[in-house]
Amino acid sequence: MSNHNHSHCCSCHHEENHTDTNQPIQESSLKQEILPLLPVIIIYILGLIFYKQLQNSAYGIGQYIVFIPIYIYSGWTVLTSAGKNILKGRIFDENLLMTVATLAAIAIHKLPEAVAVMLFYQIGETFQEYSVKCSRSSIKSLLEIRPDYANLKIDDSLQKVSPETVAVGSEIVVKPGEKIPLDGEIISGNSQVDTSALTGESIPRNFTVGQTILAGMVSQTGVLTIYVTKPFSESSISRILELVETAKTKKSKTERFMTTFARYYTPIVVFISLAIALLPPLFISDATYADWINRALIVLVVSCPCGLVISIPLGYFGGVGGAAKRGILVKGSTFLDDLARIKTVVFDKTGTLTEGKLQVTDIVTKNGLTKPYLIEVAAKVESLSNHPIAQAVYKYNSRKIDNSDVSEYQEIAGCGIKAKVGNKTVIAGGDRLLHLEDIQHDICDIGDTAVHLAVDSKYVGYIVISDQIKLDAARAIKSLKNLGVEKTVMLTGDNQTVAQRVAENLGLDSYEAELLPEDKVNAIEKLLYRNNRKVAFVGDGINDAPVIARADVGMAMGSIGSDAAIETADVVIMTDAPSKVAEAIQIGRKTRRIVWQNIGFAIGVKGLFILLGIAGLANIWEAVFADVGVALIAIFNSSRASMNAKVKSQKSKVREVINAKVKSQKSKVREVINAKVKSQKSKVREVINAKVKSQKSKVREVINAKVKSQNSKVKS
């Protein structure tokens, strides 16, 4: 048959066929999809124009010659599917509804109507296939970022191999224009890197030696040598592909309801239609079988639940695809439903609301010590520790550290470090350590994380360590409030002072500090118990995995997040931006709204036409257009879930590009202004200097003349 016969029935199996991301996705336009049906549509229209002449042919054979081939051509998929399902014991489905309705129409000599049912169904299927392909394009773009090969460095040569065969610890080389095949650390080179496939960000980022780079990104300008830190099976791109593959298996409650609904709906409709066809003539004196069979056919045609069963999974699939386009991976449509009902959002602090990178932000000296000496002494003792705070102090020091004179090194758990530097005893740690060592100091609560220092039991100052709040964190909280989220909470293991400062800066409703992982789970349990509404938790670390699992919707930061957190999460944010939480909730609500619009519209229109059909106020043509029209409107409405996300994504990218250009222009204008100001200052300085020099010269000449005159007079 023609290539249009790849269309499937609109049964509950429909969604499985259309969400199979393993199948190759063929690029096509609507014109290519509809082209094979055009000759059939033209012949059908000509048949309608000359229908009277066809009817008047010998035994009316003309109408059968024209319409039956069109019927078989356009209805082949439905007819064969109905036959196969009957043989397998699945008698009552949508294929049977259409087959019975059209064969009965042919039996009572309503050939154009019978062909119209099948032909318009095929047109609806064509539009549906096209809509599915449009919805799948965002996920297709994810599948395309899978790297095909890696340039493995072996001695002084490069060997092109499959990424799956590269071992951790190997070195790979990525040339300009190539995809990064595996996660790793850059050990040589720098490049502008396109991260849009993973993060949705359109502006390339500069990567250089020492930075972690992820599989799926694309090197644009330079050659990079990368030390592989993870096997391909554990790389970022592999995790994303796995999430996309498994998302289709996690159906929403609405989808599961519609699958069950379709299973019982079809046999009920068949028996109701039989009752409409057979019973009224038995009990109503002037009723005829021809009239009531026609009414039963109308009920059969209009009752086909194609619009419902097609559009609901398509709507959810569009939502998942649209979210993926914006750097938000939702692991199944059930979580889109849950996101739509979120009323409480709970955040981890470090790495979620803050950068998760500790930095020295202030140095305060006491008792006459200089800042360079204080940081040098601190860096010496902290250089032997792996603690993040110690590493922040060590990295801040710009001088090369020689810690060969450090001895008697001792780490005091939860307090700090005690060691000898030369012949001096140095203490570096928290306020608790100063009290343990009975060292006199004039300040305890700094208002932030601080490393206090003492040399030979004398307090010499402190170093302030801060974790910077993410740029979009405050905007994220504001967006959630605008969406109607009732409560925003922060749970952290950090101290009360730091937690309070972050919570107040961001405008959070409440916070809990100094929590262990099990304390965070208990806190979530309390929120779940108090609220009947859904609770989401957003985290990134391995210690967040239990809380992510316990929340109604667990969300993880995909770039810096731990493997445990990402595996446990229901939603993964690839950009690590807190503002994406509000976007995810918006997508969930939009998708759910579209799905319920389809359900309400389809049931309403079909219910109306069923009543009109039973009452004899609708003909079979109106039934055909009602059925096909509902299906098409529902399909196009479902496509909005994906299309709106694409438009917003494009707007976001345009905004980023404009902001980058504006920033660049401002920078250039600033440089020009500074250059001109500097030039003017230089010219003014030259003029002033010249005038001063000239005045000095004149003054000197006058003085010399007067001195000479006076000397001459004295001599006289």
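Structure first, text after, so check above.
What you see is a predicted model, and the numbers here were worked out from it, not measured in a lab.

Trainee: Got a sec to walk through the overall build of the protein chain? Specific residues and values, please.
Mentor: On a plain count of helices and strands, the protein chain comes out with 24 helices and 22 strands. Sequence separation of 24 or more characterises 67% of the internal contacts of the protein chain that already satisfy a separation of 6 or more. Accessible surface, the protein chain as shown: approximately 34800 Å² in total, 57% of it carbon and sulfur.

Trainee: Give me the environment of Pro305: which residues, what numbers.
Mentor: Examined against the element boundaries, Pro305 turns out to sit in the loop between α12 (289–303) and α13 (306–325). Judged by relative accessible area, which is 1%, Pro305 ranks as buried.

Trainee: Can you explain the nonpolar core? Please cite residues and give values.
Mentor: One finds Tyr44, Phe67, Met98, Val301 and Val624 to be the most contacted residues of the largest nonpolar core, which totals 46 residues. With 11 residues, helix α7 (residues 111–143) is the largest single contributor of residues to this core. Setting aside residues up to four positions removed in sequence, Met98 forms contacts with Val78, Val117, Met118, Tyr121 and Cys304. If you look at the next biggest cluster of nonpolar residues, it comprises 40 residues, including Val345, Met490, Val498 and Ile587.

Trainee: Please provide a residue-by-residue account of helix α19 (residues 496–506), values included.
Mentor: An α-helix turns once per 3.6 residues; consequently, residues spaced three or four apart project the same way. Every buried residue of α19 is accounted for by Val498, Ala499, Val502, Ala503 and Leu506. Buried residues in α19, looked at end-on, bunch into an arc of 125 degrees, giving them a common side. Next to the buried residues of α19 lie β16 (449–455), β17 (458–469), α18 (473–482), β18 (487–491) and β19 (510–512). At the C-terminal side of α19, Gly507 shows a positive phi close to 75 degrees.

Trainee: I'd like a rundown of the sheet that holds strand β21 (residues 553–557), residues and numbers included.
Mentor: Pairing between the strands of a sheet is mediated by backbone hydrogen bonds and can be parallel or antiparallel. Spatially, the seven strands line up as an open sheet ordered β10-β22-β21-β20-β11-β18-β19, and their pairing is mixed. Unpaired on one side and paired on the other, β10 (328–330) and β19 mark the two borders of the sheet. Put simply, the sheet's adjacent strands are angled 20 degrees from each other on average, direction ignored. Bridge count between β18 and β19: three bridges; the pairing is parallel. Across the sheet, residue Met490 finds its bridge partner in β19, namely Tyr511.

Trainee: Describe in detail the packing of α12 against helix α23 (residues 579–614), supporting the description with residues and values.
Mentor: A pair of packed helices can be characterised by two numbers: the angle between their axes and the separation between those axes. Taken N-terminus to C-terminus, the directions of α12 and α23 make an angle of 175 degrees; their axes are 8 Å apart at the nearest point. By the angle between their directions, the pair α12 and α23 is classed as roughly antiparallel. Each of Trp292, Arg295, Ile298, Val299, Val302 and Ser303 in α12 lies in contact with α23, whose residues at this interface are Lys606, Phe609, Ile610, Gly613 and Ile614. Classifying every residue of the contact of α12 with α23 gives seven nonpolar, two polar and two charged.

Trainee: Describe the side chain of Arg326, with residues and values.
Mentor: Structurally, the position occupied by Arg326 is in the loop between α13 and β10. Within the structure, the side chain of Arg326 is placed 3.0 Å from the side chain of Glu583, a separation counted as a polar contact.

Trainee: Before we move on, can you summarise the sheet that holds strand β15 (residues 424–429) with the specific residues and values?
Mentor: Strand order in the open sheet made by the six strands is β12-β17-β16-β15-β14-β13, with antiparallel pairing throughout. Looking at the sheet topology across the chains shown, the edges are occupied by β12 (354–365) and β13 (406–412). On average, each strand axis in the sheet is inclined to that of its neighbour by 20 degrees, with strand direction left out of account. Of the pairings in the sheet, the one linking β13 to strand β14 (residues 416–421) comprises five bridges and is antiparallel in character.

Trainee: For a nonpolar patch on the surface, give the residues involved together with the corresponding values.
Mentor: Judged by side-chain polarity, Ile86, Ile91, Phe92, Phe271, Leu274, Leu278, Leu279, Leu282, Phe283, Ile284 and Tyr289 come together as a nonpolar surface patch covering roughly 1100 Å² of accessible area. Elements with a minimum of two residues in the nonpolar patch: α10 (253–278) and α11 (280–283). Residue contributions to the nonpolar patch peak at three residues, all from α10. Assignment of secondary structure puts Phe271 in helix α10.

Trainee: So, unusual backbone geometry: which residues are in play, and what are the values?
Mentor: Of note in this structure, Asn367 is not a glycine but carries a positive phi near 55 degrees. Locating Asn367 in the fold gives a position in the loop between β12 and α15 (371–382). The phi dihedral of Asp456 is positive, around 55 degrees, even though this residue is not glycine. Note on placement: Asp456 falls in the loop between β16 and β17.

Trainee: Please provide a residue-by-residue account of the pairing of strand β9 (residues 224–228), values included.
Mentor: Where burial is concerned, most of β9 is hidden: four out of the five residues are buried. Sheet analysis places strand β3 (residues 171–174) next to β9, joined by four bridges and oriented antiparallel. The residue bridging Val174 from the neighbouring strand is Leu224, located in β9. Note: strand β4 (residues 184–188) against β9, four bridges, orientation antiparallel. Within the sheet, the bridge partner assigned to Gly184 lies in β9 and is Val228.

Trainee: Provide a residue-level description of helix α3 (residues 38–49), including the pertinent values.
Mentor: Taking 1.5 Å per residue as the helical rise, α3 with its 12 residues ought to reach 16 Å, and the 17 Å between its terminal C-alpha atoms agrees with that figure. Among the residues of α3, those classed as buried are Val40, Tyr44 and Gly47. The arc that holds the buried residues of α3, viewed along the axis, is 60 degrees, so those residues lie on one side.

Calculation criteria
- Residues numbered from 1 in each chain as written.
- Predicted model: local features only at pLDDT ≥ 70, side-chain atom pairs only at ≥ 80, totals over all residues.
- Heavy atoms only, no water.
- Helix = DSSP H or I, 4+ residues; strand = E, 2+ residues; numbered from the N terminus.
- Contact = heavy atoms within 4.5 Å.
- Areas by Shrake-Rupley, 256 points an atom, 1.4 Å probe, with all protein chains shown as cover.
- Buried < 20%, exposed > 50% of the residue type's maximum accessible area, 1.4 Å probe, protein only.
- Core = buried A, V, L, I, M, F, W, Y, C linked by side-chain atoms within 4.5 Å.
- Arc of directions from axis to C-beta.
- Pairing = 2+ DSSP bridges.
- Axes fitted to C-alpha atoms, helices over the stretch in contact; angles between N-to-C directions.
- Parallel < 35°, antiparallel > 145°, perpendicular 65-115°, else oblique.
- Nonpolar A, V, L, I, M, F, W, Y, C, P; charged D, E, K, R; others polar.
- Polar contact = N/O pair within 3.5 Å; in protein donor to acceptor, adjacent residues only side chain to side chain.
- Patch = residues over 30% accessible without salt bridge, like charges linked within 9 Å, V, L, I, M, F, W, Y side chains within 5 Å.
- Salt bridge = Lys/Arg side-chain N within 4 Å of Asp/Glu carboxyl O.
- Expected span 1.5 Å × (residues − 1).

It is worth stressing that arrangement in space is one thing and function is another; only the former is reported here.
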